[in-house]
Structures are given as C-alpha cells and as structure tokens.
Amino acid sequence: MDVEYDVIVLGTGLTECILSGLLSVDGKKVLHMDRNDYYGAESASLNLTQFYSKFRPGESVPDHLGRDRDWNIDLIPKFMMANGEIVRFLTHTDVTRYLEFKQIAGSYVYSGKKVSKVPANASEALSSPLMGILEKRRMRNFMLWVEAYKDEDPKTHQNIDINTMTMTDVYNKFGLAKGTQEFIGHAMALHLDDTYLTNPARDTVEKVRLYAASVLRYGKSPYIYPLYGLGDLPQAFARLSAVYGGTYMLDKDVKELVYNENGQVIGVKAGDEVVHAKMVICDPSYAPSKVRKIGSVVRAICLLTHPIPNTNDSDSCQIVVPQNQIGRKHDIYVACVSDAHMVCPKGYYLAIVSTIVETNNPAEEISEGLKLLGPIQDKFVHVSPLEEPIEDGTKDNVYISRSYDATSHFETVCDDVHDIWRRITGGPLVLKKREADDVNAA
C-alpha cells in the first residue's frame, strides 16, 4: 500500500468507531483495521456460535437455545441515556438512519435490601417507597430546584453556588438523608464512587438534570437501546466512515506499530507490509507497552427465562446496587434485555451483572447482584483488565482509548471520546444540535 493516511484506527470497539466516523466527517483520510473478523472488538454482540467459541471453546451449543441468528449477546452491555452524549454523537453524524431503538422499561436501585424504582422527577419522589413522608418532600424540593436552576437567573439558585459548593453542602442544604444522597449520586448521577461528594456540585447537578430530562423524553426510564444489540453501533459508525471515504479491513494481522528515529509513529505493520499514517488511534490491546493496568472488571452474562423479580415484569431494566448497601468500594450494575430488543429468542432474557474487582475472588463479588436475578439458566463469568494509556499521545502520535468500565451506561465512553479528540486536535469536540426527534425509540 503506497497510500499515506491521515489516521489509522486499530480495533472496532465503539470508542474507536465513533472517532473514526467523526474524523472521516471532518475530512480526514482514515484506514480502520481489526484483527477480528467481526465489528465491535470488546463491545461486540455475538451470535451463539461466536459466544460459545469465546467462552466455552470446544463445547457445542445446546439445541434448546434455538437458532444461532436469534441471539445477539453483548460482551459489554451498556444503555444509552436518551438525552445523553452518545445520542448527540448519533444525531450529529446522522448515524440514526442505520439503527432502531427501543426504550429500557425501568431504572431501579437496590436500597434497604429491596429493589425500588428510581424517582426521576418531583412527582415520582412523592410516591417513592425509598423515603418517608418528610424525606419525600425534601427530595421533591431538591428535584424542583435542579429542574429550575438556570445559571443566568440568580433567583433560581436559592443561594447555592454550584461552582464552589460541594455536593455534600448541597445535600445538607436540602436536609437529604444518606440513603437519598446515595440513590441520587449513584442511580441518577451515575457516579462510580463517593469521591463526587467533595467535588463542586455542578457536575452532579447537571447529571441529575440529564437523567430527569432523559426520562421526560420517552417516559418509563431514561435509557434506550439499539435493536439487535450494541454490536450494531460500531457498525453504524463504520458505515458513516465509509460514506466519507474511510477504508475498513477486518481480519487483518496487525503485528506492530512502526516509528521513525524521533519515536513518532509513521504507520502500522500488517502482515508483510507497512501502511503509513500520520497518527494511530487504538484500543489498549494494540499497544500493550504503552498502557497500564488500573484494575479489572468482572462480568457475568446470565441466561434467564423470566423477567428480573421486583421490576414490574419489565422486559428490560437497569439496577444499580450502590457500594455502601453491600459494604463495597464500587457499585454493582445489572443490565437486562430480552426478545423485545431482538437479542434472544422469545421467552429468554439476557442479564449482565458487573463490577470493579476488589478481591482475589471476582466471581464472588457479584453474588449480591446475581441474587437479584432469580433462577439462572446458565452463567458465563469473565474478568477483563481495566487499562489506560500511560501518556497522552502528543509525543508519538499514538492515541489510546481506555478499557470499558463496569457501568451499564455510555457516559464514561463518551468522556473518553471527548478526551481523545481534545488530545488529537488541541480543542474541544463540538457537536451541532439536531432536533430531538432524530432518535426514534419504540
């Protein structure tokens, strides 16, 4: 290949495919390669044959599970906040034309040894079983304040400066109890741990507003999910890149990155040839010497034949199990989808339980999440490393994404896309606004 590309992207994970699509739209000449023969890398959706080949090699697929093509099993399940950043990526790039979406039926939190619906606005706060009567009023006042808050109108601030006051200060101002703080911070703002409590309140307030606005958009829950699984998302961005001149090559034997005498990347060796480019974007597996392991994620993919108990017989849901409820440092996330989302045959449900590993017995760490599922037909447990780049990539022009975390939503993936874009271009990624109805969810 004599062509020199502006960018070579390695790995077809969602982060890489979004960047590939955005850079192609921006006029860059992009070559995108993956060692796998399917799209999605770690964020793929697999059929039964691919799934068993990955997790139980040599074992034949049980006949009772039905047809291969009826299954699209996410390796890393994540839901999309209806008003969230991932939807802005989709609408900005017009990728929605390749996808169909369905609502996730419910958003729940585990509190006081029970699963309860997360109140998303002031009126739901009044009917929530999570709080007593007085606490419901305090929660309602907090939600009304969040919904009304406008930077330019001091009358809506109630003497609260969200840029300087911590979230703990704000909670105390409204007199909210620890349990209420917990589901606001973890099930609505979706913080990974409690460090947010000592940070300025703006970030949390904006995340709670996003949650509430996302619920208002479709009702039921703030989340939507693509029919046929998440593996269609990377493919949709791949199509976008191709429309703008991007070139895709799957099943390529990518051997190594190639550098000049100054230590800057000049291309990639694939098979016996070197393809030249000015920069490389890749997931951690393509540049193992340039990343550090910061932890591990344990995930259990479970096959069920019933909805998760205590979720209103929902065909899909998210449950957040806050760390303090079970004496952990990290939350446990439960994501459930079903045949309604075209990911499994009728009568089946796919539930995935995940968390950050804290001990030498990862499988045991998700036991509290597994208990919420009821009878499990089959379970596939795997542990993945959590890796991040050691450097920002500006010296050698190699820009590496972070591993996918344990959360069951896309907000942290979008943060990574913004971070890599800023490192590449030196400026923020600005997405144009489109009409809200560009994403249609059933």
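As recorded in an unreviewed UniProt entry, the protein chain goes by Rab GDP dissociation inhibitor and comes from Rhizopus azygosporus.

Bringing unusual backbone geometry into the picture now. Excluding glycine, a negative phi dihedral is what most residues carry, and trans is how most peptide bonds are arranged. Backbone geometry at L190 places phi at a positive 60°, although glycine is not the residue there. Locating L190 in the fold gives a position in the loop between α7 (178-188) and α8 (202-218). In this structure L190 comes out as buried when scored by relative accessible area, which is 6%. Within the chain, N312 stands out as a residue other than glycine whose phi angle is a positive 65°. The class for N312 is exposed, based on a relative accessible area of 71%.

What follows covers the domain arrangement of the protein chain. One can read the domain layout of the protein chain as domain 1 (5-40 + 230-290 + 390-425), domain 2 (58-78 + 295-386) and domain 3 (118-218). Measuring from the centre of the C-alpha atoms in domain 2 to the corresponding centre in domain 3 gives 29 Å. Counting residues at the interface gives ten residues for domain 2, matched by eight residues for domain 3. Applying the counting rule to domain 2 against domain 3 returns zero salt bridges.

What follows concerns the packing of helix α1 (residues 14-25) against helix α9 (residues 232-243). Relative orientation of the contacting elements α1 and α9 amounts to 20°, with a least axis distance of 8 Å. Here α1 lies roughly parallel to α9, going by the angle between them. The element α1 and its partner α9 pack so that their crossing is left-handed. Along the contact surface, α1 presents L14, C17, I18, S20, G21, S24 and V25, while α9 presents L233, P234, F237, L240 and S241.

What counts, and at which threshold
Residues numbered from 1 in each chain as written. Predicted model: local features only at pLDDT ≥ 70, side-chain atom pairs only at ≥ 80, totals over all residues. Heavy atoms only, no water. Helix = DSSP H or I, 4+ residues; strand = E, 2+ residues; numbered from the N terminus. Buried < 20%, exposed > 50% of the residue type's maximum accessible area, 1.4 Å probe, protein only. Domains from an automatic or database assignment. Contact = heavy atoms within 4.5 Å. Salt bridge = Lys/Arg side-chain N within 4 Å of Asp/Glu carboxyl O. Axes fitted to C-alpha atoms, helices over the stretch in contact; angles between N-to-C directions. Parallel < 35°, antiparallel > 145°, perpendicular 65-115°, else oblique. Left-handed = near helix turned anticlockwise from the far one by under 90°.

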